[in-house]
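Fold and geometry: a report
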Amino acid sequence: MFWVLLLLLAWAVAGTACTRLCLAAVRTAAADTDAGHGHALTLYEAAFLSGGPARVADLTLVSMARQRRLLLAHTGWATVVDPRGRDEMERSVIGAIGPEGQSRIAPVRSAAAGAEAVRSLGERLVRAGLAVPDAAARTTVASGVRQVRAAALAVLALGAAALALPAPTGMPRELVAVWFALPLTLTLSCLAIARVEAHPYSRWASPAGQRLLGVLHRRADLAADDQSLLASVAVRGIRAIGEPELRAAFAHRDQLPRE
């Protein structure tokens, strides 16, 4: 009857993950106030809420490149053309490139993402109720969904292990599979409900921040000027870049941990 122990473990994993997701959804709903009412997001704010510090660095690099104040070569190198940054973000990028005026894009992106200007931006968004505090990052709906997905895979693995046991179980294997289907159904149901009620999941934006991002997203889809392209980069990331050479420059980046 070793399969029963595996079944109990499957229920424990599924139940714990689903409970955490439900609690995260309740906390998110309770914190969903009128924060951000009347607030118009800047592109830097939209980038942070969409993809965190790394997205802010990407947006700054793309913005400077399109203004011909920074050259991003298809080989993955960044070269300063105009050393005068127009704001704190641009000065952080120029400082990350260094006094020689040229550097690989990957270390520039990493240094700019960790700059004080980006940290201050995040703190302002948290105070405004638009961003998720770092202390709460592990209790968001996004993290809860990831845990439930992992639990679903764990239940599948435990069920497969139970069915693969060589010793007689005293019960038809079809019935064993049905028992393991119950915790699997629980996890999949939680994921489906979260998809309907709480999608899109966000690591960075609060519900109020997500609403403002939705407005910016629609405006970016309707417009076709340079500002709308930068808005698309802020919301969607570098995959929104249309220029092949500029995309190739970012393709040479060293892979950083996903935000």
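All values reported here derive from a predicted model rather than from experimental measurement. (Residues numbered from 1 in each chain as written. Predicted model: local features only at pLDDT ≥ 70, side-chain atom pairs only at ≥ 80, totals over all residues. Heavy atoms only, no water.)

What to know about helix α10 (residues 244-251)
Put simply, the rule reads: Under the scheme applied here, a residue whose accessible area is under 20% of the maximum for its type counts as buried, over 50% as exposed, and between as partly exposed, the area being computed with a 1.4 Å probe on protein chains only. The secondary structure listing takes helices from DSSP runs of H or I that are at least 4 residues long and strands from runs of E that are at least 2 residues long, numbered from the N terminus. Directions from the helix axis toward the C-beta atoms define the arc. The contact rule is simple, with two residues in contact once any of their heavy atoms fall within 4.5 Å.
Listing the buried residues of α10 in full gives Leu246, Ala249 and Phe250. Considered in projection along α10, the buried side chains sweep an arc of 90° and stay on one side of the axis. The exposed set on the far side of α10, more than 90 degrees from its buried face, consists of Pro244, Glu245 and Ala251. In this fold, the buried residues of α10 make contact with α2 (43-66), β1 (70-72) and α4 (105-113).

Side note on a nonpolar patch on the surface
Using the following cut-off: Here the term patch refers to residues with relative accessible area over 30% and no salt bridge, with like charges joined within 9 Å and nonpolar side chains (Val, Leu, Ile, Met, Phe, Trp, Tyr) within 5 Å. The accessible surface values rely on the Shrake-Rupley method and a 1.4 Å probe; as for residues, cover is taken only from the protein chains in view. Here a salt bridge means any side-chain nitrogen of Lys or Arg lying within 4 Å of a carboxyl oxygen belonging to Asp or Glu.
On the surface, a cluster of nonpolar side chains totalling about 510 Å² of accessible area is made up of Trp11, Leu175, Val178, Trp179, Leu182 and Leu186. Here the nonpolar patch gets five residues from one element, more than from any other, and that element is helix α7 (residues 173-198). Mapped onto the secondary structure, leucine 186 falls in helix α7. Given a relative accessible area of 31%, leucine 186 falls into the partly exposed group.

Quick notes on the packing of α2 against helix α3 (residues 88-97)
The condition is simple: In this analysis, axes come from line fits to C-alpha atoms, helices being fitted only over the stretch in contact, and the angle between any two N-to-C directions falls in the range 0 to 180 degrees. Every angle not falling under 35 degrees, over 145, or within 65 to 115 is termed oblique; those three ranges are roughly parallel, roughly antiparallel and roughly perpendicular. What makes a crossing left-handed is the near helix being turned counterclockwise from the far one by less than a right angle; a clockwise turn instead makes it right-handed. Classification used: nonpolar for Ala, Val, Leu, Ile, Met, Phe, Trp, Tyr, Cys and Pro, charged for Asp, Glu, Lys and Arg, polar for all others including Gly.
With their axes 9 Å apart at the nearest point, α2 and α3 run at an angle of 60° to one another. Here α2 is positioned oblique relative to α3, judged by the angle of their axes. Crossing handedness for the pair α2 and α3: right-handed. Along its contact with α2, which presents Tyr44, Val56, Thr60, Leu61 and Met64, the element α3 presents Met89, Glu90, Val93 and Ile94. The residue inventory of the contact of α2 with α3, partitioned by class, reads seven nonpolar, one polar and one charged.

Observations regarding the packing of aromatic side chains
This is how the line gets drawn: Aromatic rings from Phe, Tyr and Trp, taking only the six-membered ring of Trp, are treated as a pair when their centres fall within 6.5 Å; an angle between ring planes under 30 degrees marks them as stacked, one over 60 as edge-to-face, and anything in between as tilted.
Within the structure shown, the criterion is met by one aromatic pair. Here phenylalanine 48 and tryptophan 204 contribute two aromatic rings whose centre-to-centre distance is 5.5 Å and whose plane-to-plane angle is 65°, an arrangement assigned as edge-to-face. Taken together, the residues phenylalanine 48 in helix α2 and tryptophan 204 in the loop between α7 and α8 (207-222) connect sequence positions 156 residues apart. Side by side, phenylalanine 48 and tryptophan 204 carry an identical accessibility label, which is buried.

As for the environment of glutamine 227
As for its position among the elements, glutamine 227 is in helix α9 (residues 226-236). By relative accessible area, which is 47% here, glutamine 227 ends up partly exposed.

Regarding helix α5 (residues 116-127)
Applied cut-off: Here, expected helix span is obtained from the residue count minus one, scaled by 1.5 Å.
For α5, built from 12 residues, the straight-helix expectation of 16 Å at 1.5 Å per residue is met to within 8% by its first-to-last C-alpha distance of 16 Å. Listing the buried residues of α5 in full gives Ala117, Val118, Ser120, Leu121, Gly122 and Leu125. Looking one or two residues beyond α5, the residue adopting positive phi is glycine 129, at roughly 80°.

Comments concerning the environment of glutamine 210
When you line up the elements, glutamine 210 lands in helix α8. Taking C-alpha positions, glutamine 210 is 8.4 Å from serine 50, a pair spaced 160 residues apart along the chain.

Here we look at the sheet that holds strand β3 (residues 102-104)
Each strand in a sheet pairs with another by means of backbone hydrogen bonds, the pair being arranged parallel or else antiparallel. What counts, and what does not: A pair of strands is treated as paired once DSSP finds two or more bridges between them.
If you walk across this open sheet you meet the three strands as β1-β2-β3, and the pairing is antiparallel. For this open sheet the edge positions go to β1 and β3, each flanked by a neighbour on one side alone. Adjacent strand axes in the sheet meet at a mean angle of 20°, parallel and antiparallel pairs treated alike. Note: β1 against strand β2 (residues 77-80), three bridges, orientation antiparallel. Each residue of the ladder has a partner; that of leucine 72, found in β2, is alanine 78.

Quick look at unusual backbone geometry
For arginine 68, which is not glycine, the phi torsion reads 60° and is therefore positive. You can see arginine 68 is positioned in the loop between α2 and β1.

Notes on the confidence of the model for the protein
Rule in force here: The predictor's confidence in any single residue is recorded as pLDDT, a number from 0 to 100.
Predicted confidence across the protein gives a mean pLDDT of 82, with 83% of residues reaching 70 or more. Across the protein, α3 holds the top mean pLDDT of 94, while α8 sits lowest at 71. The model gives residues 254-259 a pLDDT under 50, and that stretch makes five contacts with residues more than four places away or in other chains.

Points about the pattern of salt bridges
A full pass over the atoms with the stated rule returns four salt bridges. A salt bridge links arginine 109 to aspartate 58, with the shortest nitrogen-to-oxygen separation between them at 2.9 Å. Linking arginine 109 in helix α4 with aspartate 58 in helix α2, this pair joins segments that are 51 residues apart in sequence. Note on arginine 109: relative accessible area 11%, which makes it buried. Where aspartate 82 meets arginine 84, a salt bridge forms, and the shortest distance between an N and an O atom there is 3.2 Å. On the basis of relative accessibility, which here comes to 15%, the residue aspartate 82 falls in the buried class. The exposure class assigned to arginine 84 is exposed, which follows from its relative accessible area of 63%.

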